[in-house]
Amino acid sequence: MHPQSNSEGYAILTDLTKCIGCEACVQACKTINELPPAEHPSKLSATTWTYIDRREGVNIRRQCLHCLDPACASVCPVAALHKTETGAVIYDFNRCIGCRYCLLACPFEIPKYEWDKALPRVQKCILCYEKRVSKGEEPACTAICPTGATLFGKRNELLDVARQRIKDHPEIYVNHIYGVAEAGGTSVLYLSDVPFEQLGFKTAQTTPYPQLTWNILRHIPTVVSVGGVGMLGTWWIIHRRMLIEKVNNGELSEEEAFGKRGETP
Amino acid sequence: MKIKITFWRVIALLILLAGLYATFLRFTRGLGAVTNLSDQFPWGLWIGFDVLVGVGLAAGGFTIAAIVHIFNIETYESISRPTLLTAFLGYLLVATAIMFDIGQPHRIWHPIIMWNPHSVMFEVAWCVTLYLTVLALEFSPIVFEKFNLNVPLKVMRTIYLPLVILGVLLSMLHQSSLGTVYVIVPDKLYGLWYSPMLPIFFFISAISVGLAMTIFESFLSYRAFGKRLELNILVGLARVLVVILAVYLILKFQDLRLRGNLPLVFQLTEESVLFWGEIGLGVFLPMILLFIPQVRVKRAGLFFSALLVIMGFILNRLNVSITGMLHNETYFPKWTEVAITLSFVTVGFIVFALAVKYLDIFPTEEIDPHNPPPLEQIGLSGRVILGMWGVVLAGFIIYGLAKDNRLEHPVEAAAIERKTDPLRELEFTNLPADIVYDKSDMGTVTFSHETHLLLVDNPQCQPCHPKLYDYNITPKQQTPLVGDVMHESQSCGHCHNGTMAFSIEEECTLCHVE
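About the thresholds
Residues numbered from 1 in each chain as written. Chains lettered and ligands numbered in written order. Predicted model: local features only at pLDDT ≥ 70, side-chain atom pairs only at ≥ 80, totals over all residues. Heavy atoms only, no water. Domains from an automatic or database assignment. Phe/Tyr/Trp six-rings, centres within 6.5 Å; stacked < 30°, edge-to-face > 60°. Helix = DSSP H or I, 4+ residues; strand = E, 2+ residues; numbered from the N terminus. Lys NZ or Arg CZ within 6 Å of the ring centre and 35° of its normal. Contact = heavy atoms within 4.5 Å. Buried area = accessible area lost by both parts, 1.4 Å probe. Salt bridge = Lys/Arg side-chain N within 4 Å of Asp/Glu carboxyl O. Pairing = 2+ DSSP bridges. Axes fitted to C-alpha atoms, helices over the stretch in contact; angles between N-to-C directions. Buried < 20%, exposed > 50% of the residue type's maximum accessible area, 1.4 Å probe, protein only. Core = buried A, V, L, I, M, F, W, Y, C linked by side-chain atoms within 4.5 Å. Expected span 1.5 Å × (residues − 1). Bend = angle between axes of the 7 residues up to and from the residue. Polar contact = N/O pair within 3.5 Å; in protein donor to acceptor, adjacent residues only side chain to side chain. pLDDT = per-residue confidence, 0-100.

### Details of the domain arrangement of chain B
Size of an interface, as often reported, equals the accessible area lost when the parts are brought together.
Here comes step 1: The assigned domain composition of chain B is domain 1 (7-368) and domain 2 (432-514).
Here comes step 2: On a C-alpha basis, the centroid separation for the pair domain 1 of chain B and domain 2 of chain B is 69 Å.

### Regarding the packing of aromatic side chains
Here comes step 1: Summed over the entire model, instances satisfying the criterion amount to 29 aromatic pairs over all chains.
Here comes step 2: Judged by centre distance (6.1 Å) and plane angle (25 degrees), the ring pair of phenylalanine 62 of chain B and phenylalanine 203 of chain B falls under stacked. Linking phenylalanine 62 of chain B in helix α4 (residues 60-70) with phenylalanine 203 of chain B in helix α9 (residues 198-225), this pair joins segments that are 141 residues apart in sequence.
Here comes step 3: Aromatic ring contacts, followed pair by pair, group Tyr190, Trp193, Phe253, Phe266, Phe275 and Trp276 of chain B into a single cluster.
Here comes step 4: In this arrangement the basic side chain of lysine 154 of chain A is found over the ring face of tyrosine 10 of chain A, its NZ or CZ atom lying 4.6 Å from the centre.
Here comes step 5: Its end group placed over the ring of phenylalanine 93 of chain A, arginine 107 of chain B keeps NZ or CZ at 4.6 Å from the ring centre.

### Examining the interface of chain A and chain B
Here comes step 1: At the interface, 87 residues of chain A touch 76 residues of chain B.
Here comes step 2: When chain A packs against chain B, close to 6,900 Å² is buried across both sides, 62% of that on carbon and sulfur atoms.
Here comes step 3: The largest per-residue losses of area from chain A upon contact with chain B belong to Leu104, Trp115 and Met231 of chain A, which jointly make up 11% of the total buried on that side.
Here comes step 4: One salt bridge connects arginine 418 of chain B with aspartate 193 of chain A, and the closest N-O pair in it is separated by 2.9 Å.
Here comes step 5: At the level of elements, α1 (24-32), β3 (58-62), α2 (71-75), α3 (101-105), β6 (112-113), α4 (140-144), α6 (210-217) and α7 (220-248) of chain A are the ones that each hand at least two residues to the side of chain A that touches chain B.
Here comes step 6: Ranked by the residues each element gives to the side of chain A that touches chain B, the list is headed by α7 of chain A, at 13 residues.

### What to know about the sheet that holds strand β8 (residues 150-154) of chain A
Residue and element names in this part refer to chain A.
Here comes step 1: Ordered by their spatial adjacency, 3 strands build an open sheet running β8-β1-β9, and the pairing between neighbours is mixed. Each of the sheet's edge strands pairs with one partner strand only, and the pair in question is β8 and β9 (188-191). Here the average twist between neighbouring strands, direction ignored, is 25 degrees.
Here comes step 2: Where strand β1 (residues 10-15) meets β8, 5 bridges bridge the pair, whose relative direction is antiparallel. Across the sheet, the residue bridging to leucine 13 is leucine 151, located in β8.

### Structural notes on the environment of methionine 242 of chain A
Here comes step 1: With respect to the helices and strands, the residue methionine 242 of chain A is situated in helix α7.
Here comes step 2: You can call methionine 242 of chain A partly exposed: its relative accessible area is 21%.
Here comes step 3: Remark: the alpha-carbon pair of methionine 242 of chain A and glutamate 23 of chain A, spanning 219 residues in sequence, is separated by 78 Å.
Here comes step 4: Here methionine 242 of chain A is in contact with Asn72 and Glu74 of chain B, once residues within four sequence places are set aside.

### Quick notes on the pattern of salt bridges
All names here are of chain A.
Here comes step 1: A full pass over the atoms with the stated rule returns 11 salt bridges over all chains.
Here comes step 2: The salt bridge involving arginine 121 is made with glutamate 114; its shortest N-O contact spans 3.0 Å.
Here comes step 3: Here arginine 121 falls in the partly exposed class, since its relative accessible area comes to 31%.
Here comes step 4: Measuring nitrogen to oxygen at the nearest pair gives 3.5 Å for the salt bridge that ties arginine 163 to aspartate 160. Placement of the pair is arginine 163 and aspartate 160 together in helix α5 (residues 155-168), with a separation of 3 residues, close to one helical turn.
Here comes step 5: A residue is classified by how much of its surface remains accessible, and arginine 163, at 45% relative accessible area, is partly exposed.

### Some points on the nonpolar core
Here comes step 1: Counting 192 residues, the largest nonpolar core has Tyr101, Phe108 and Tyr190 of chain A together with Tyr182, Leu189, Ile215 and Leu237 of chain B as its most contacted members.
Here comes step 2: No other element matches the 14 residues that α9 of chain B contributes to this core.
Here comes step 3: Sequence-distant contacts of leucine 189 of chain B, defined by excluding residues within four places in its chain, comprise Tyr182, Tyr194, Leu198, Val320, Gly324, Met325 and His327 of chain B.
Here comes step 4: Ranked by size, the runner-up nonpolar core spans 11 residues in total, among them Ala11, Leu159, Ala162 and Tyr173 of chain A.

### Some words on the domain arrangement of chain A
Here comes step 1: The domain architecture assigned to chain A consists of domain 1 (10-211) and domain 2 (219-258).
Here comes step 2: Using only C-alpha atoms to locate each centre, domain 1 of chain A and domain 2 of chain A end up separated by 58 Å.

### Quick notes on helix α14 (residues 299-326) of chain B
All names here are of chain B.
Here comes step 1: Spanning 28 residues, α14 covers 39 Å between terminal C-alpha atoms, matching the ideal 40 Å at 1.5 Å per step.
Here comes step 2: Maximal helix bending in α14 amounts to about 50 degrees, located at asparagine 319.
Here comes step 3: Of all 28 residues making up α14, 26 are buried, and the element is well covered by its neighbours.
Here comes step 4: Backbone geometry just after α14 places histidine 327 at a positive phi near 45 degrees.

### What to know about the side chain of arginine 62 of chain A
Residue and element names in this part refer to chain A.
Here comes step 1: Topologically, arginine 62 is positioned in strand β3.
Here comes step 2: Within the local environment of arginine 62, its side chain forms a polar contact with the backbone oxygen of leucine 199, the two atoms lying 2.5 Å apart.
Here comes step 3: With residues up to four places along the chain from it excluded, the contact list for arginine 62 reads Leu44, Trp49, Thr50, Tyr51, Asp53, Arg55, Tyr190, Leu199, Gly200 and Phe201.

### Comments concerning the confidence of the model for chain A
Here comes step 1: On average, chain A scores 91 in pLDDT, and the residues at 70 or more come to 95%.
Here comes step 2: Low confidence marks residues 1-6 of chain A, where pLDDT is under 50. Its contacts with residues over four positions away, or in another chain, come to 15 contacts.

Shown next as structure tokens:
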């Protein structure tokens, strides 16, 4: 359930006060993942895994938040999505059946689908897991960021960096690190000088989303055993009463009803 | 054999032709070409109707099985076969519908070997697979009988009770779990429908619609095939139905109250109108009608009320899966989606009719041909139903089409006040190393990101990136480009033209260092 519930693992810290919106990260992402180029993409799609959301002068780099306990991975019936020890939530197309429950369940609306393909894949940022992070390199987007607005590192270390920045410049930063607790914590963190609600950040609940369904699913063994025994018992009692009634009405002899060993009615 | 051409047969044929064409498009061009689904609205009519409604309408199978075999109420035995047939048929259609909806239909078996026990969908997949097997076994005696296969019949009789219990358990699990599917989207599903209690609502409503479908089918078979109508049995079911509808109603409103969503019920929104269509016309009205003995014991009253329950159920599932999930999104099914869904319904009717004709589904007694059932009895109520549901359907369609004005009022953005301006207080802490060109005999030229950014009043990346040069994580430190190419407008010359920056024609030594 919680492959990543501690603060180990890698993360990204994006500081909105330092982003100049140059889109180097967007282009680097497209290059390394061999996605078709697009000029100034304005939303995530199957072919755009990160983009700059421009809101009245604030540049917000959107991407998968790589939740510590991801809803997408929890709902996937075939475990095609999973959280690795590095922190990346990755996708295995060879397992995927294409049910799109991940698209529905993600509270941040991150996974996208290749609607125009005959055998479509789910697409989203995978933190450059295969091409870079698993080889000990940082993701393309953070590597190329010229201003250091988006940083890669251990999650607990980045949290320290973020806390220090807020402490050093309380006049600039909003006293909130987005992703510290949202959806139970995410591996992509944000700092901002503008309240997050005004920038279209979802005010997600702080308990992990998978717990909502797990609280129900975990009762299944109880339901099955109690239900099974209950029904069998109901049948047993009613069936026996009916036999007794038949014996009393003379429709059956006692032996016919209860066998030779007999059970007195 | 001559097939008579009737109005309904022509309609069925047209639907199937359209469905066939849509199927061809679905499997050659993909989901994007035949559906109006999108990243924002990934589940539409096929999940909402074909799967959620389909599974629910087949719930009569386990409800009646439990009544007959577990509670040992033998009087209901005579209707257990038609409900079993509906269930078996229903689940086969649902399984097929899932093949249409998922992107990788050839991998539909994956959940069997690739496990994720934390997924509701995984559990549903397992339950439906197992239940389909159980239904096939439960149904098999009817086929064995037809061909007088006595040995398998005997085997089936011995394992019938455990089989029925397994079937009821599996149904309890997945009927409720289809509601659990939506428990993980508290931010997306509208307050009138979202609740952690969804599995309970789905389960109770499945039982009620199972009973209603049993009544409904009995009437259809009575009208279409002249099968005997066991009114007293159906009236008994109707009494149970009243209780279940009442329980549902109480739980539903109690849940709305406790979650503080009761005010939503009394606001005039598209959602509340459809909610009242579902609860008022689909739960409350039939509950009252069936509670009145004079209505309950009349064929028309019984049939009409059962139909209300079924329509209410359908509306409920569509409300959860579509209305409640819409908000700022837009979705209205494409004709191809509708054609495929209607084809499933049509195939269901056709196979049911064939099975009734060739297998021993209904009690053998038939109605006296000289005294045919009074067909006109349900004429009036039929028209009333059509009228009422026409209104609700119109509301649904208007709701779907009214997407434009719904997109108009997303969040009134509060004026954003920045505390800092990244463009004023530039800090380039992560610039690439200098790029050195030393292949030319004109001397070494060094391009420095830093110099270029610091010398410009309003530094930007755009003049060069990504049009002239791709952003590259590992920039080439050397380049084979020499001579005039560097001077052209595709390179240094792009800016060094005398207007944006000093021209390449002058000041050579500024770049070309000895």
